[in-house]
Amino acid sequence: MWPFIRNLIVVISVTCLIWFFAESESLRSTEVRSVEVSFEPLPGSRLIVDVAQDGAGVRGSTVRADMIIEGPAAALEPVERTLRRKVVISPGMDGVAVDPGRHTVNLAAVLAQHPDLRARGVSFRSVTPELVDINIDSLVTKNVKVEVDVPGGELEGSPEVRPAMAAVTLPASLASRITDQTRVIARIDPTTLTRVTAGRKETIASVRLLASEGLAGLAGVRIEPSAVDVSLTLRSKTVTIKVPSVPVHVRIAPGELNKWEIEIPEQDRFLNDVTVTGPGDVIKLIQDRTIPLVATVPLSFEELERGTAGKEAIFCELPTGLRFDVASRTVRLKIKRRESVPALKP
């Protein structure tokens, strides 16, 4: 009895093994839909590639393909898992040109020789779309200046940028768009600007560089470095006030004080309705009388000798950045040499 059972177990085991190997080696086919096939250059390559045709499954350099694969049952599953991930096709692979220009790629032929799919014992019975047109272009790099854009802000002087130049890499077919006037933009975010103290030079780190209007939105454009440091002085916001009257002072050399009598008509001893425009912090100091506001008539020795009858008053010894507007600055003068007093005899 036992020999019979033992022989039966051996027969069943052998039969199962034969069936298993036969099943694994039998040819089957399966459909894999919406496989993401991406055309990308190899890392470090000076090439750029994109799909040159329209279609429902085309987006940029990616094509969605439906395919039927055939092969031993044991090989289909790992190949199907590979196809469920993104399949990258690069110029220089078997069946894909490497020269710049427009080329047609047979997807089934290229996938059959793909490094991740060949030698798997699986064939591609059909691939839709069967043919894909691609454009291959070489990349060139050009250096351009960095320009600072400060939306909603006014600067004192020119900003400093480190580094002052940026390298723009783009397809050779678009290189003519870069001219001597091309710039990349370091745009200061308005929110960042609110943290900058007006009137003081400050450095804003890592300001992102943006492509200018002629380059923005073009495929394959890359800017290096991606960000720069910008040093700038933000001008205080201008404020305008009107001062009803500003006193007029005469200024002459100390050695001339005792030699001349200078009279100013009463109505010219003040400038009326003087409009002052300048940084808000300086204007506040004028309003608080921390900074005295005075108009001055400077007289030289020659003007004293001539007896100048009138001269415009000026605003000096005041902070820079102020602007003064008044209907008339002319101050009338009456200049007369003092009579010398004879010395008393002892």
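Undergrad: I keep staring at the overall build of the chain and nothing clicks. Help me out?
TA: Each helix and strand counted, the chain has six helices and 22 strands in total. Counting over 346 residues, the chain shows a buried share of 34%. Relative to all contacts within the chain whose residues are 6 or more apart in sequence, the contacts with residues 24 or more apart total 76%. A total of about 21,400 Å² of accessible surface is found on the chain, and carbon and sulfur atoms cover 52% of it.

Undergrad: Looking at this structure, I do not really get helix α5 (residues 280-287). What am I missing?
TA: The periodicity of an α-helix, 3.6 residues per turn, causes residues three or four positions apart to be oriented the same way. Listed in full, the buried residues belonging to α5 are V282, I283 and I286. With its buried residues spanning 100° around the axis, α5 presents them on a single face. Residues of α5 that are buried make contact with β15 (238-251) and β17 (270-279).

Undergrad: What is the right way to read unusual backbone geometry from this model?
TA: For residues that are not glycine, phi is negative in most cases, and the peptide bond is trans in most cases. Residue P163 is bonded to the preceding R162 through a cis peptide linkage, with omega at -5°. For P163, the location among the structural elements is in the loop between β9 (160-162) and β10 (165-171). Omega for the bond connecting E224 with P225 falls within 30 degrees of zero, at 0°, which places this linkage in the cis form. Take P225: it is sitting in the loop between β13 (222-224) and β14 (227-233). Backbone geometry places S34, a non-glycine residue, at a positive phi of 55°. Tracing the chain through its elements places S34 in strand β1 (residues 27-39). The exposure class of S34 is partly exposed, given its relative accessible area of 39%. Unusually for a residue other than glycine, R289 sits at a positive phi of about 65°. Along the polypeptide, R289 turns up in the loop between α5 and β18 (295-298). Take R289: its relative accessible area is 74%, and that puts it in the exposed class.

Undergrad: Whenever I open this one, the pairing of β18 confuses me. Can you help?
TA: Both faces of the sheet carry side chains from a regular strand, because those side chains alternate between them. Neither face of β18 is exposed, since A295 and V297 on one face and T296 and P298 on the opposite face are all buried. For β15 and β18, the ladder comprises four bridges, and the chain directions are parallel. Bridge pairing in β18 places R251 opposite P298.

Undergrad: Looking at this structure, how should I read the side chain of D137?
TA: Its place among the elements puts D137 in strand β8 (residues 131-149). A polar contact is formed between the side chain of D137 and the side chain of S173, at a distance of 2.6 Å. Excluding anything up to four places from it in sequence, D137 contacts R46, L47, I48, P100, P171, A172 and S173.

Undergrad: Would you mind going over the pattern of salt bridges with me for this structure?
TA: Within the structure shown, the criterion is met by 22 salt bridges. Across the salt bridge formed by D288 and K284, the nearest N and O atoms sit 3.0 Å from each other. With a relative accessible area of 47%, K284 lands in the partly exposed category. Among the ionic pairs, K311 bridges to E303, the shortest N-O distance being 3.1 Å. A residue is classified by how much of its surface remains accessible, and K311, at 23% relative accessible area, is partly exposed. Looking at E303, the relative accessible area reads 13%, which means it is buried. Because the salt bridges share partners, they merge into one network encompassing E31, R33 and D66.

Analysis parameters
- Here the residue numbering is sequential within each chain, running from 1 through the sequence in written order.
- Local features in this predicted model are restricted to residues whose pLDDT is 70 or higher, and side-chain atom pairs enter the listing and the counts only when it is 80 or higher, whereas totals over whole chains, interfaces and linings include all residues.
- Only heavy atoms go into the side-chain values, all of them from the structure, while hydrogens and water stay out.
- Per the convention used, a helix needs a DSSP run of H or I reaching at least four residues, while a strand needs a run of E reaching at least two, with both numbered from the N terminus.
- Burial status follows relative accessibility: with a 1.4 Å probe on protein chains alone, a residue under 20% of its type maximum counts as buried, one over 50% as exposed, and anything between as partly exposed.
- For this analysis, residues touch if any pair of their heavy atoms sits within 4.5 Å.
- Residue burial considers only the protein chains on display, and all accessible areas are found by Shrake-Rupley using a 1.4 Å probe.
- Think of the arc as the fan of directions from the helix axis to the C-beta atoms.
- If DSSP finds at least two bridges between two strands, the strands pair.
- Throughout this description, a polar contact denotes any pair of N or O atoms lying within 3.5 Å of each other; where both atoms belong to protein, one of them has to be capable of donating a hydrogen while the other can accept it, and for residues adjacent in sequence the pair is counted only when both atoms sit in side chains.
- In what follows, salt bridge is the name for a side-chain nitrogen of Lys or Arg lying within 4 Å of a carboxyl oxygen of Asp or Glu.

In short, shape yes, function no, at least from these values alone.
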